[in-house]
Amino acid sequence: QVQLVESGGGLVQAGGSLRLSCAASPNTFTRYTMGWFRQAPGKEREFVAGITSGGYTNAADSVKGRFTISRDNAKNTVYLQMNNLKPQDTAVYYCAAGRGGWTWGYDYWGQGTQVTVSS
């Protein structure tokens with residue numbers, strides 16, 4: 001069982017930055033691919049970025065060049081650095097852990113953290 005707790009969301013103006021953190025329960029963190037997803041009101045949840053246990057990363061086209069995912073295995077934490085935020089980035093952001101592909105196979109999910117970008 002993996003427990004995930006996100007933090008770092010909030011309200012920011014367009015063009016600003018936020019860093020999300022996701023703290024995972026120990027022991028098994030390094031086995032998993034970690035992902036960030038988001039869900040805006042009235043929309044389906046979508047993949048934002050992912051990072052494998054070996055550090056390989058992938059990101060959705062909509063955030064490439066603006067968002068960066070990283071992980072610190074010693075701290076059992078995965079981060080999402082978000083720069084040049086846009087109003088369309090407003091959503092609840094979820095951290096997930098799994099052993100599937102970039103956009104599927106995630107078995108564990110956090111409770112989510114709200115990100116609101118004002119224009």
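In what follows, the accompanying structure is described. Worth saying up front: this structure is predicted, and the values here are computed from it rather than measured.

### Section: the sheet that holds strand β1 (residues 4-7)
Taken together, the four strands give an open sheet; going across it, the order is β1-β3-β8-β7, and neighbouring strands pair in antiparallel fashion. Edge strands, defined here as strands with exactly one partner in the open sheet, are β1 and β7 (67-72). Between one strand axis and the next, the sheet turns by 15° as a mean value, whatever way the strands run. Here β7 runs beside strand β8 (residues 77-82); their pairing, made up of six bridges, is antiparallel. Across the sheet, residue arginine 71 finds its bridge partner in β8, namely valine 78.

### Concerning the pattern of salt bridges
Per the stated rule, a full pass over the model turns up four salt bridges. Between arginine 38 and glutamate 46 there is a salt bridge, and its shortest N-O distance comes to 2.6 Å. Look at arginine 38 and you get buried, because its relative accessible area is 6%. Across the salt bridge formed by arginine 38 and aspartate 89, the nearest N and O atoms sit 2.9 Å from each other. In this pair, arginine 38 sits in strand β4 (residues 33-39) while aspartate 89 sits in the loop between β8 and β9 (91-98), placing the two residues 51 residues apart along the sequence.

### Things to note about the pairing of strand β3 (residues 18-24)
Look at any regular strand and the pattern is simple: side chains alternate between the two faces of the sheet. With five of seven residues buried, β3 is to be regarded as a mostly interior element. Bridge count between β1 and β3: four bridges; the pairing is antiparallel. Residue pairing for β3: serine 7 is matched across the bridge by serine 21.

### Considerations on the pairing of strand β11 (residues 113-118)
Covered by surrounding structure in β11 are Thr113, Val115 and Val117 only, the residues Gln114, Thr116 and Ser118 on the alternate face being uncovered. Pairing of strand β2 (residues 10-13) with β11 involves four bridges; the strand directions are parallel. Among the inter-strand pairings, glycine 10 is bridged to a residue of β11, identified as valine 115. Sheet topology places β9 next to β11; three bridges connect them, and they run antiparallel. In the sheet register, tyrosine 93 faces β11, and the bridge partner there is threonine 113.

The rules behind these values
- Residues numbered from 1 in each chain as written.
- Predicted model: local features only at pLDDT ≥ 70, side-chain atom pairs only at ≥ 80, totals over all residues.
- Heavy atoms only, no water.
- Pairing = 2+ DSSP bridges.
- Helix = DSSP H or I, 4+ residues; strand = E, 2+ residues; numbered from the N terminus.
- Axes fitted to C-alpha atoms, helices over the stretch in contact; angles between N-to-C directions.
- Salt bridge = Lys/Arg side-chain N within 4 Å of Asp/Glu carboxyl O.
- Buried < 20%, exposed > 50% of the residue type's maximum accessible area, 1.4 Å probe, protein only.

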